[in-house]
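Inside the fold
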Amino acid sequence: MKTWILLCLAFSISSASANCNVYIPEKTFYHASGYGINFSFTDDLALKGYFEVTDPREADLVLKLKGVEIKGRFHKAQAQIQMGEVNATEQKTCLTQMCSIYDYGKAFKKAYVSFFKSLSDCF
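Residues numbered from 1 in each chain as written. Predicted model: local features only at pLDDT ≥ 70, side-chain atom pairs only at ≥ 80, totals over all residues. Heavy atoms only, no water.

Examining helix 3 (residues 101–118)
An ideal rise of 1.5 Å per residue puts 26 Å on 18 residues; helix 3 measures up with 25 Å between its terminal C-alpha atoms. Among the residues of helix 3, Asp103, Tyr104, Ala107, Phe108, Ala111, Tyr112, Phe115 and Phe116 are the ones counted as buried. As for helix 3, its buried residues are in contact with strand 2 (28–30), strand 3 (36–38), helix 2 (42–47), strand 5 (61–70), strand 6 (76–83) and strand 7 (86–93). (Helix = DSSP H or I, 4+ residues; strand = E, 2+ residues; numbered from the N terminus. Expected span 1.5 Å × (residues − 1). Buried < 20%, exposed > 50% of the residue type's maximum accessible area, 1.4 Å probe, protein only. Contact = heavy atoms within 4.5 Å.)

Points about the side chain of Lys48
Position of Lys48 among the secondary structure elements: in the loop between helix 2 and strand 4 (51–53). Note on Lys48: relative accessible area 18%, which makes it buried. Not counting residues up to four positions away in its chain, the partners in contact with Lys48 are Phe116, Leu119, Ser120, Asp121, Cys122 and Phe123.

So, the pairing of strand 5
For strand 1 (residues 21–23) and strand 5, the ladder comprises two bridges, and the chain directions are parallel. Within the sheet, the bridge partner assigned to Tyr23 lies in strand 5 and is Val62. The pairing of strand 5 with strand 6 spans eight bridges and is antiparallel. The residue of strand 6 that forms the bridge with Leu65 is Ile81. (Pairing = 2+ DSSP bridges.)

Re the environment of Phe29
Within the fold, Phe29 resides in strand 2. On the basis of relative accessible area, Phe29 is assigned to the buried category, the value being 12%. Taking the C-alpha atoms as reference points, Phe29 and Tyr104, 75 residues apart in sequence, are found 9.0 Å from one another. Contacts of Phe29, omitting those with residues within four sequence positions, involve Tyr35, Gly36, Ile37, Phe39, Gly67, Tyr104 and Phe108.

Structural data, given as structure tokens:
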């Protein structure tokens with residue numbers, strides 16, 4: 001009976017850690033001006049128990065970055081970071097008619113903090 005419990009426990013631990021591999025297809029958001037915002041998720045993901053992999057076939061999760069300008073009376077830079085069920089979307093109102101790289105930087109900074117606050121540990 002003890003052997004059966006140990007096998008079940010070992011299987012649950014190994015299957016839990018198997019879901020911690022993350023592939024990041026793009027680590028830079030490029031603005032229309034040609035400037036980019038570079039991201040380094042490796043250290044912060046490692047603190048939460050996730051491992052960044054370079055081969056998409058080894059990944060259990062994919063981390064996606066997206067930046068969109070929402071047009072209206074006041075334009076807004078919208079930043080989105082998504083991985084599995086965790087989705088962080090933040091906005092920054094642009095000071096000019098077109099959103100600059102600065103506006104996207106502020107939006108992505110807020111999304112980055114929000115993303116890691118809502119990301120559960122993977123051990």
